[in-house]
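# Structural overview
Single-letter residue listing:
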Amino acid sequence: MSALRNSIRTGFFGRAFAVLGAANAVSAAVEAGRRPRANDLTKLGIDPATFGQVSR
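Quantities reported herein were computed from a predicted structural model and do not represent experimental measurements. (Residues numbered from 1 in each chain as written. Predicted model: local features only at pLDDT ≥ 70, side-chain atom pairs only at ≥ 80, totals over all residues. Heavy atoms only, no water.)

### Considerations on the overall build of the protein chain
- Regarding its fold elements, the protein chain presents 4 helices and 0 strands.
- Reading the helices (α) and strands (β) of the protein chain from amino to carboxyl end gives α-α-α-α.
- Accessible area of the protein chain: about 4,500 Å², with a carbon and sulfur share of 59%. (Helix = DSSP H or I, 4+ residues; strand = E, 2+ residues; numbered from the N terminus. Areas by Shrake-Rupley, 256 points an atom, 1.4 Å probe, with all protein chains shown as cover.)

### Details of the packing of aromatic side chains
- Tallying each qualifying case throughout the model produces 1 aromatic pair.
- A centroid spacing of 5.5 Å and a plane angle of 65° characterise the contact between Phe12 and Phe13, whose relative ring orientation is edge-to-face.
- On the basis of relative accessibility, which here comes to 58%, the residue Phe12 falls in the exposed class.
- Phe13 gets classed as exposed once you look at its relative accessible area, which sits at 51%. (Phe/Tyr/Trp six-rings, centres within 6.5 Å; stacked < 30°, edge-to-face > 60°. Buried < 20%, exposed > 50% of the residue type's maximum accessible area, 1.4 Å probe, protein only.)

### Overview of the environment of Phe51
- Counting through the fold element by element, Phe51 comes out in helix α4 (residues 48–51).
- The spatial distance from the C-alpha of Phe51 to the C-alpha of Pro36 is 9.0 Å, given a sequence separation of 15 residues.
- Here Phe51 is in contact with Val30, Arg35, Pro36, Leu41 and Ile46, once residues within four sequence places are set aside. (Contact = heavy atoms within 4.5 Å.)

### Description of the side chain of Asp40
- With respect to the element layout, Asp40 can be found in helix α3 (residues 38–43).
- By relative accessible area, which is 6% here, Asp40 ends up buried.
- Those residues within four positions of Asp40 in sequence are excluded, and the remaining contacts are Ala22, Ala25 and Val26.

### Description of the pattern of salt bridges
- Inspection of the entire model under this criterion finds 1 salt bridge.
- Arg37 is the partner of Asp40 in a salt bridge, and the nearest nitrogen-oxygen pair spans 3.1 Å.
- On the basis of relative accessible area, Arg37 is assigned to the exposed category, the value being 58%. (Salt bridge = Lys/Arg side-chain N within 4 Å of Asp/Glu carboxyl O.)

### Some remarks on helix α2 (residues 12–31)
- For α2, which comprises 20 residues, the first-to-last C-alpha distance of 29 Å matches the rise-based estimate of 28 Å (1.5 Å per residue) to within 8%.
- Where α2 is concerned, the buried positions are Gly14, Ala22, Val26 and Ala29. Projected down its long axis, α2 shows its buried positions confined to an angular sector of 100°, all on one face. Of the exposed residues in α2, those oriented more than 90 degrees away from the buried face are Phe12, Phe13, Phe17, Leu20, Asn24 and Glu31.
- One or two steps after α2, the chain reaches Gly33, where phi turns positive at roughly 80°. (Expected span 1.5 Å × (residues − 1). Arc of directions from axis to C-beta.)

As structure tokens, then:
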């Protein structure tokens, strides 16, 4: 059973949940006026160094 659990965690569903979680965290941080974590931005394919240069 642990092999199945590990394959789900590292497979498509695991990556999908990681991306959705990162998107949620970044969205919440931006709405609160905070800078999102670099790890979350990287999961979404956004360069953390250039994120601060984006204007509204």
